Amino acid sequence: MENFPTPAAPSPGRPPAAAVPESAADRRHEVTLRFLAAPTDRGKAGTVDAGRVLEWVDKAAFAAATGWSGSYCVTAYVGNIHFEYPVQVGEMVEVTASVLYTGRSSMHINTTVRSGDPKTGLLTERARCLVIFVAVDTEGRSTAVPEFVPRTLEQELARDYATSRIRVRDEITAELRRQDYTEEGTAEKVLLRFLAAPTDVNWGGKVHGGIVMEWIDTAAYLCSSRYCGLDTVAVFSGGIRFLHPLRIGDLVEVEARLIYTGYKGMHIAVEVRSGDPKGGPLEPTTNCITVMVARDGEGTSVPVPAWAPVSEEDHRLWEHARTLLRIRGQAPGNRLPNHLLKEQTP
């Protein structure tokens, strides 16, 4: 995990670090954040956007990672996240992040988002995903973290789940790395370009992983809505890899491109690039696949027009999306989508 991005050394103005517990038994492995979804969290479709939920996930997982490691941590990977139901403005939100498994410098953290009526306190699960953070020292190099040893059967099962995802995650990462996106593609795409602002900064002087995921969601929304002509929302985001740090003041490009359609879902490949605004090439910093669905005026998902690949690149990316579906279908607890299952039926 040591090839993940690392932040710059802390600024002289950073508050002194809290005392590190002497033993793993004294360390905090779980953190819960509670707050109300504010009017400023309202998204394009009237509910809280997936990008904002991902920002909450990143914050809770960061708190759990730093609490366990006793050092600064950076987001390395956000696993598959399914958005079961939208969070409504005004709801009480609870985001719980728990360390499941540790490597030398990495921490695999399960994060669950629940929300509901604050008057009753009854909260319903809205999303769940696995996040990987890497601990770094004051020079920005990866540093060892205490081993997390399960103490209950539930923790053992959670650890086994985390380790069972490693092989699938490696396959997804390899598949994503094999792809190139050029001007030969004919599908709907959008390109956002802007400067990373000081308000996007984290304590390490780089851009929050949660902020980057909000950019990804915005670009995916624009691409999918332009394609189908309707409001869209994210129902899934997978394989979000943080390749390199993104600095305040960088020129940022967020490119979203349609690569596949199912009956209702639109698979959008998103790549974030950044670099010196004064010149030079922009370096890929983050990429992922997001699945968006269209909604009618009542908020019900509706079918979308089927997209047919035209160019050689279209066909390659179309098959790339199907390959990712097959890989994820092999993960414990997952299954192939119905349309791929039907193709395998004699």
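What you see as residue numbers is a count from 1 along each chain, following the sequence as written. Since the coordinates come from a predicted model, pLDDT governs what is reported: local features require at least 70, and pairs of side-chain atoms require 80 or more to be given and counted, while whole-chain, interface and lining totals use all residues. With hydrogens and water excluded, all non-hydrogen atoms of the structure serve as input to the side-chain values.

Turning to the overall build of the chain, a few remarks are in order. Helices and strands together make up the secondary structure of the chain, namely five helices and 12 strands. The buried share of the chain, reckoned over its 346 residues, is 51%. Note that accessible areas follow from Shrake-Rupley with a 1.4 Å probe, and for residues the cover is restricted to the protein chains shown. Accessible surface, the chain as shown: approximately 16300 Å² in total, 53% of it carbon and sulfur. Helical segments are the DSSP runs of H or I of at least four residues, strand segments are the runs of E of at least two, and each set is numbered from the N terminus. Whether a residue is buried, partly exposed or exposed follows from its accessible area with a 1.4 Å probe, protein chains only, as a fraction of its type maximum: under 20%, in between, or over 50%, in that order.

The next thing to look at is helix H3 (residues 209-228). For a helix, the expected span equals 1.5 Å multiplied by the number of residues minus one. Relative to the 28 Å expected for 20 residues at 1.5 Å per residue, H3 spans 29 Å between its end C-alpha atoms, a close match to the ideal helical length. Phi turns positive, to about 75°, at glycine 229, one or two residues after H3.

What follows is about the pattern of salt bridges. A side-chain nitrogen of Lys or Arg and a carboxyl oxygen of Asp or Glu constitute a salt bridge if their distance falls within 4 Å. With the rule as written, the count across this model stands at 27 salt bridges. In the salt-bridge network here, residues are joined through shared partners; they are Arg193, Glu253, Glu255, Arg257, Glu271, Arg273, Glu313 and Arg316.

What follows concerns the nonpolar core. Put simply, buried Ala, Val, Leu, Ile, Met, Phe, Trp, Tyr and Cys residues joined by side-chain atoms within 4.5 Å make one nonpolar core. Core analysis: the largest hydrophobic core is formed by 86 residues, its most contacted members being Met107, Ile109, Phe133, Trp215, Met266 and Ile268. Here this core takes 12 residues from helix H1 (residues 50-69), the largest share from any one element.

The next subject is the side chain of asparagine 287. For asparagine 287, the position within the fold is in strand S11 (residues 283-295). A residue is classified by how much of its surface remains accessible, and asparagine 287, at 12% relative accessible area, is buried. We call two residues in contact whenever any of their non-hydrogen atoms come within 4.5 Å of each other. Dropping the residues within four chain positions of it, asparagine 287 is found in contact with Leu176, Gly239, Ile240, Arg241, Leu243, Val270 and Glu271.

For the rest of this paragraph, the subject is the pairing of strand S2 (residues 72-78). Across the seven residues of S2, seven count as buried, placing the element largely inside the fold. One bridge is not enough; two strands pair if DSSP finds at least two bridges between them. Sheet topology note: the S2/strand S6 (residues 123-136) ladder contains six bridges and is antiparallel. Bridge pairing links valine 78 to valine 131 in S6. Relative to strand S8 (residues 231-242), S2 runs antiparallel, the two sharing two bridges. Residue pairing for S8: valine 78 is matched across the bridge by isoleucine 240.

The next thing to look at is the packing of helix H2 (residues 153-177) against helix H4 (residues 312-329). For the pair H2 and H4, the least separation of the axes is 10 Å and the interaxial angle reads 175°. The angle between the axes of H2 and H4 places the two elements in the roughly antiparallel class. The residues of H4 that touch H2, namely those facing Val168, Glu171, Ile172, Glu175 and Leu176, are His320, Thr323, Leu324, Ile327 and Arg328. To get an axis, fit a line to the C-alpha atoms, keeping to the stretch in contact for a helix; angles then go from 0 to 180 degrees between the N-to-C directions. Angle categories are assigned with fixed cut-offs, so that under 35 degrees is roughly parallel, over 145 is roughly antiparallel, 65 to 115 is roughly perpendicular, and the rest are oblique.

A few words on the packing of H1 against H3. It is the contact of H1 with H3, at a shortest axis distance of 8 Å, that shows an interaxial angle of 165°. Classified by the interaxial angle, the pair formed by H1 and H3 is roughly antiparallel. Pair H1 / H3 crosses with right-handed handedness. Only Gly209, Gly210, Ile211, Met213, Glu214 and Asp217 of H3 make contact with H1, whose side of the interface consists of Ala50, Gly51, Arg52, Leu54, Glu55 and Asp58. Only Asp, Glu, Lys and Arg are considered charged, only Ala, Val, Leu, Ile, Met, Phe, Trp, Tyr, Cys and Pro nonpolar, and every remaining residue, Gly among them, polar. When the residues that make up the contact of H1 with H3 are grouped by side-chain class, the tally is four nonpolar, three polar and five charged. Definitions for this section: a left-handed crossing has its near helix turned counterclockwise from the far helix by less than a right angle. A right-handed crossing has that turn clockwise.

Within 6.5 Å between ring centres, the rings of Phe, Tyr and Trp (the latter by its six-membered ring) count as paired, and their orientation is classed by plane angle as stacked under 30 degrees, edge-to-face over 60, tilted in between. On inspection of all chains with the given rule, the structure shows six aromatic pairs. Note on phenylalanine 35 and tryptophan 56: the rings are 4.9 Å apart at their centroids and 70° apart in plane angle, and the pair reads as edge-to-face. In this pair, phenylalanine 35 sits in strand S1 (residues 30-36) while tryptophan 56 sits in helix H1, placing the two residues 21 residues apart along the sequence. Here tryptophan 56 falls in the buried class, since its relative accessible area comes to 7%. Ring pairing ties together the aromatic residues Phe62, Tyr72 and Phe133, which thus form one cluster. The residue whose ring lies beneath lysine 44 is tyrosine 221, and the NZ or CZ to ring-centre distance is 5.0 Å. Directly above the ring of tyrosine 77 sits arginine 169, whose terminal nitrogen or CZ lies 5.4 Å from the centroid. Charge over a ring is defined by NZ of Lys or CZ of Arg lying within 6 Å of the ring centre and within 35 degrees of the ring normal.

This part is about H4. With 18 residues, H4 ought to run about 26 Å at 1.5 Å a step, and its terminal C-alpha atoms sit 26 Å apart, in line with that. All of the buried residues along H4 are Glu313, Asp314, Leu317, His320, Ala321, Arg322, Leu324, Leu325, Ile327, Arg328 and Gly329.

In this section: the pairing of S8. For S8, the tally of buried residues reaches 10 of 12 residues, placing the bulk of the element in the interior. In this sheet, S8 lies alongside strand S3 (residues 81-83) in antiparallel orientation, the contact comprising two bridges. In the sheet register, histidine 82 faces S8, and the bridge partner there is phenylalanine 236. Pairing between S8 and S11: nine bridges, direction antiparallel. Residue pairing across strands places arginine 241 opposite asparagine 287, the latter belonging to S11.

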